[in-house]
Amino acid sequence: MIFLSIFHKFLLHFPHFFYIIKKITIENSYYYLYQIRKGVIQLKTVIIGTNHAGIAAANTLLDTYKDQEVVMIDRNTNLSYLGCGTALWVGRQIESYENLFYTNEKAFAEKGAKIHMETSVTEVDFQNKVVCCEKANGSKFQESYDKLILATGSLPISPKIDGHDLDGIHFLKLFQEGQAVDAELSKEEVQTVAVIGAGYIGVEIAEAAKRRGKNVLLFDVESTSLASYYDEWFSKDMDENLKKHEIDLHLGERATAYLGEERVQTLVTDKGSYAVDLVINAIGFLPNNALGKDHLKLFKNGAYLVDRHQQTSDPDVYAIGDCANVYSNALQQPAYIALATNAVRSGIVAAHNIGGTPLESIGVQGSNGISIFGYHMVSTGLSVKAAEKFGLSVKYTDFEDLQRPGFMTHNANVKIRIVYETSSRRVVGAQMASFEDISMGIHMFSLAIEEGVTIDKLKLLDIFFLPHFNQPYNYITMAALSAE
Ligand SMILES: Cc1cc2nc3c(=O)[nH]c(=O)nc-3n(C[C@H](O)[C@H](O)[C@H](O)COP(=O)(O)OP(=O)(O)OC[C@H]3O[C@@H](n4cnc5c(N)ncnc54)[C@H](O)[C@@H]3O)c2cc1C
Ligand SMILES: NC(=O)C1=CN([C@@H]2O[C@H](COP(=O)(O)OP(=O)(O)OC[C@H]3O[C@@H](n4cnc5c(N)ncnc54)[C@H](O)[C@@H]3O)[C@@H](O)[C@H]2O)C=CC1
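Rules behind the numbers
- Residues numbered from 1 in each chain as written.
- Chains lettered and ligands numbered in written order.
- Predicted model: local features only at pLDDT ≥ 70, side-chain atom pairs only at ≥ 80, totals over all residues.
- UniProt positions renumbered as here; feature names shortened; annotations may be inferred.
- Near = placed C-beta within 6 Å.
- Helix = DSSP H or I, 4+ residues; strand = E, 2+ residues; numbered from the N terminus.
- Nonpolar A, V, L, I, M, F, W, Y, C, P; charged D, E, K, R; others polar.
- Domains from an automatic or database assignment.
- Pairing = 2+ DSSP bridges.
- Axes fitted to C-alpha atoms, helices over the stretch in contact; angles between N-to-C directions.

The name given to the chain in an unreviewed UniProt entry is NADH oxidase, with Suipraeoptans intestinalis as the source organism. UniProt annotates the chain under Catalytic activity (unreviewed entry) with the comment "2 NADH + O2 + 2 H(+) = 2 NAD(+) + 2 H2O". Within the UniProt record for the chain, the comment given under Cofactor (unreviewed entry) is "FAD".

Written as structure tokens, this is what we have:
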């Protein structure tokens with residue numbers, strides 16, 4: 001131990017000369033990790049991007065590995081904004097956006113981090129391990145690093161069609177964009193709103209705009225809303241729900257141009273043209289890989305390719321959150337799923353590995369949920385449609401019933417689909433929907449997918465019964481029992 005310590009201190013004094021030997025022999029050893037964990041070796045970690053992923057990584061490093069130096073950099077004015085709340089306050093289901101931020105710059109400064117907000121990282125010199133930064137006032141500086149965490153998130157996809165830069169066309173990613181849409185909806189002259197993309201953001205903001213009394217037209221190229229998350233048996237219910245609330249659905253219809261002088265006035269699609277006062281684009285996210293795309297290996301959609309430690313192809317660089325791929329347990333291969341939940345978990349994993357505690361991600365299922373005009377839908381893993389797209393042969397079992405026994409006056413329908421792989425019979429997905437809150441049940445399916453549980457194991461699973469919650473023949477049991 002003493003010899004190793006002296007040897008290591010020697011190496012640290014001659015970092016360039018012995019750089020390669022140190023990399024090969026020392027940095028992979030448990031003793032090296034032990035020294036980091038104990039604070040004998042103090043690393044400087046720079047985190048680019050201080051939203052959900054970056055915050056989780058910073059908190060883990062600062063709370064658990066107190067001797068490590070942490071530098072956080074973000075170009076935005078704010079951090080920790082919960083985008084999930086945008087539709088809620090824009091739709092006036094909550095009073096204000098103020099509680100949608102769960103931490104701030106000061107909290108990290110108090111924990112000992114150096115934090116630079118309103119600062120863009122313009123370039124990373126991966127060879128010399130230096131990050132080049134530019135503040136909003138134009139001043140420039142550099143930060144060196146031992147370990148770098150890329151947490152630069154994602155960017156909304158911009159449809160490259162005529163008129164896309166007209167006024168009155170918005171995205172909905174940042175807090176500031178939420179504010180801009182909110183201000184637009186407050187204008188008397190804005191009466192007709194076109195939402196492009198009936199995915200999660202599109203459906204949620206369509207509800208919000210309707211709640212603000214606007215005429216809402218919702219477009220998607222797919223034949224149902226929420227097509228990436230649910231099979232038609234479920235998404236058709238959401239379509240009905242949207243129609244019932246007078247949202248004008250245009251499915252299987254692609255926007256081809258925006259027309260207007262300065263501000264958008266007409267939306268042209270492959271099926272018609274519509275007078276509109278406001279357009280909100282929500283056709284998905286792409287990973288923001290600008291800083292590392294020429295140096296790091298990439299996943300097929302451009303996300304930084306990471307291993308189960310969140311480590312990229314450069315061992316000193318980790319990538320977390322929406323800018324990195326995840327490992328899908330349903331597909332048993334890397335995938336891309338942009339969710340805040342994944343961002344937080346990946347940040348924790350990266351920070352522990354940097355801090356000296358080896359930790360592998362357990363993979364994800366992409367569990368998600370949505371609640372629109374009181375109709376709740378939750379899903380995890382793969383729908384049948386998604387499995388087919390990825391070439392996975394699956395079967396499914398469906399069940400629909402009242403949630404509680406008929407004698408209960410407070411009751412609602414619940415429907416469930418469990419998707420399982422044909423050959424192995426392992427569960428690879430589940431979808432559930434109801435006007436009742438059935439959301440917690442989906443977590444059990446998430447664990448089942450993670451652990452490779454078969455559909456047959458669920459048939460006689462011990463599920464409690466109480467009339468307040470469910471029927472003696474629980475809908476999960478009934479769906480599993482009727483599986484082929
Ligand atoms: C309206 C909306 C609703 C959502 N609802 C949900 C939900 O209900 N549940 C859920 O799980 N997920 C939801 N999401 C998705 C979730 O917000 C994202 O998955 C999450 O924000 C990803 O976090 P992140 O930290 O990886 O990236 P981001 O949130 O994209 O943050 C990246 C950060 O990096 C900074 N950055 C980028 N490049 C640079 C640079 N060069 N220099 C300095 N800083 C840089 C950016 O300023 C930003 O702060 C929603 C998203 C939106 C937009
Ligand atoms: N409740 C939740 O968990 C929420 C999660 N998010 C996440 O944020 C990310 C971004 O959300 P969204 O932008 O809604 O992406 P999304 O992937 O959920 O939906 C995009 C939709 O746009 C459609 N589309 C694609 N190109 C189109 C085109 N040219 N014209 C018309 N429609 C087109 C797709 O068919 C799809 O239905 C997703 O990863 C999503 O899961 C966002 C909001 C809420």
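Once the structure has been displayed, the description carries forward.
(A) Local environment of the site of ligand 2. Neighbouring ligand 2 are 27 residues; G197, G199, Y200, I201 and A338 lie closest to it. Every element with two or more residues in the shell around ligand 2 is listed here: α8 (200–211), β11 (215–220) and β21 (368–372). In terms of residue count, the dominant contributor to the shell around ligand 2 is α8 (4 residues). Residues that form the shell around ligand 2 fall into these classes: 16 nonpolar, 7 polar and 4 charged. Two domains each provide a minimum of three residues to the shell around ligand 2, namely domain 1 (42–155 + 287–355) and domain 2 (158–283).

(B) Here's a closer look at the UniProt feature "domain: FAD/NAD(P)-binding" (unreviewed entry) in the chain. Look at the UniProt record and you will see "domain: FAD/NAD(P)-binding" (unreviewed entry) annotated at residues 44–347. Between the C-alpha atoms that bound residues 44–347 there is a distance of 16 Å. The span itself is 22% helix and 28% strand.

(C) Quick look at unusual backbone geometry. Residues other than glycine seldom take positive phi values, yet R92 does so here, at roughly 60°. With respect to the element layout, R92 can be found in the loop between α5 (86–90) and α6 (105–110). Unlike most non-glycine residues, F373 shows phi in positive territory, near 45°. Mapped onto the elements, F373 comes out in the loop between β21 and β22 (375–381).

(D) Examining the sheet that holds strand β18 (residues 317–319) more closely. Spatially, β3-β2-β1-β7-β18 is the arrangement adopted by the 5 strands of the open sheet, whose pairing is parallel. Strands at the two margins of the open sheet, each flanked by one partner only, are β3 (114–116) and β18. For this sheet, the mean angle separating the axes of adjacent strands, direction not counted, is 15°. Taken together, the 3 bridges between strand β7 (residues 147–150) and β18 define a ladder with parallel strand orientation. Following the sheet pairing, L148 is matched in β18 by V317.

(E) Looking closely at the site of ligand 1. Around ligand 1, a shell composed of 32 residues is seen, among which G49, N51, G83, G153 and G321 lie nearest. Where the shell around ligand 1 is concerned, the elements lending two or more residues are α4 (52–64), β4 (119–125) and α10 (340–355). A domain-level breakdown of the shell around ligand 1 finds at least three residues from each of domain 1 (42–155 + 287–355) and domain 2 (158–283).

(F) Seen up close, the UniProt feature "domain: Pyridine nucleotide-disulphide oxidoreductase dimerisation" (unreviewed entry) in the chain. Within the UniProt annotation, "domain: Pyridine nucleotide-disulphide oxidoreductase dimerisation" (unreviewed entry) is assigned to residues 375–470. Counting secondary structure, residues 375–470 comes out at 23% helix and 34% strand; the distance between its end C-alpha atoms is 18 Å.

(G) Quick look at the sheet that holds strand β5 (residues 130–135). Spatial ordering of the open sheet is given by β4-β5-β6, a layout of 3 strands whose pairing is antiparallel. Strands at the two margins of the open sheet, each flanked by one partner only, are β4 and β6 (140–144). The average undirected angle you get between the axes of adjacent strands in this sheet is 25°.

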